[in-house]
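Descriptive analysis of the structure
Residues per chain, in single letters:
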Amino acid sequence: MPILICSFLPDGKITFANKTYCEHFNKTYEELIGSSFLSVVPETKQKVMMDKLSALTPDSPIQSHELPLIAPKGDIRWQRWANCAVFDDHGNLIAYQSFGEDITEYKRKQKIIFKKNRALKLYSECNKIIVHGKNESDILNKICRVIVEQGNYRFAWIGFADHDKAKTVDAVARHGLEEGYLDNLNVTWSDTLLGQSPAGTSIRENKPVVSKQIHSDPNFLPWKEKAHKRGYLSNIALPLS
């Protein structure tokens, strides 16, 4: 059958795996039999998995769920599983029977659609704010609020580029979890060390700048500690003309 099938005992030891299961995890039948089915489940998900299985009863012996598992090359593959607990006539748990299918591609497409819909919604809401805004300050602060509350970002701020000698960037609007992040931030758009931040570079080069991993981005070093304390993991700066 083209789906993943395996059986395992209450302690997790696999007693059966079909050909598709073996091929998917790049294991022989002999290697899998007797091993724990948890060996392909990320450690952070193992307790969740066991809790779900423990919740099965003779009156409610079947469940389905989606779970990220570890593929042979170490990458994470999303799968949808249906688990059935097998009990004897006295209600004692004997084994589990599981059926799975790989839904990684489905998840990927789902994520793309979600992001596109979110972007369109934000675009629409920002347009409404611009049309109905009372003044510049009102518009900018409301846009920051929409980005955080509907875009699901942790924090958003807007800065204006000053044309003074230091080429400073003044924060004029903000919303979200800040906790004093912008205080003494010393952002500049000059071509100096402090000007290499996403915001400074975005203004200077007039292009979007993305920092996917703040903790390892050398250009984010002066602000890394403040960002880490507030749970900021990534950052995008967009030039506003």
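The structure this text deals with has already been given above.
Calculation criteria
- Residues numbered from 1 in each chain as written.
- Predicted model: local features only at pLDDT ≥ 70, side-chain atom pairs only at ≥ 80, totals over all residues.
- Heavy atoms only, no water.
- Patch = residues over 30% accessible without salt bridge, like charges linked within 9 Å, V, L, I, M, F, W, Y side chains within 5 Å.
- Areas by Shrake-Rupley, 256 points an atom, 1.4 Å probe, with all protein chains shown as cover.
- Salt bridge = Lys/Arg side-chain N within 4 Å of Asp/Glu carboxyl O.
- Helix = DSSP H or I, 4+ residues; strand = E, 2+ residues; numbered from the N terminus.
- Pairing = 2+ DSSP bridges.
- Axes fitted to C-alpha atoms, helices over the stretch in contact; angles between N-to-C directions.
- Contact = heavy atoms within 4.5 Å.

**Thoughts on a nonpolar patch on the surface**
Nonpolar side chains collect at one region of the surface, where Y153, V210, I236 and L238 lie side by side and expose about 380 Å² of accessible area between them. Along the chain, the position of Y153 falls in the loop between α5 (136–149) and β6 (155–161).

**Details of unusual backbone geometry**
The residue N184 is not glycine, and still its phi comes out positive at about 55 degrees. Within the fold, N184 resides in the loop between β7 (169–176) and α6 (198–205). Located in the positive-phi region is N186, a residue other than glycine, with phi close to 55 degrees.

**Section: the sheet that holds strand β5 (residues 93–102)**
Across the sheet, which stays open at both edges, the five strands sit in the order β2-β1-β5-β4-β3 with antiparallel pairing between neighbours. Of all the strands in the sheet, the pair left with one neighbour each is β2 (14–17) and β3 (62–70). The average undirected angle you get between the axes of adjacent strands in this sheet is 25 degrees. Pairing geometry for strand β4 (residues 76–87) and β5, over nine bridges, is antiparallel. Along β5, the bridge assignment pairs Q79 with D102. Its contacts with the sheet place helix α3 (residues 43–54) against β1 (4–8), β3, β4 and β5, and it is angled at close to 165 degrees to β3.

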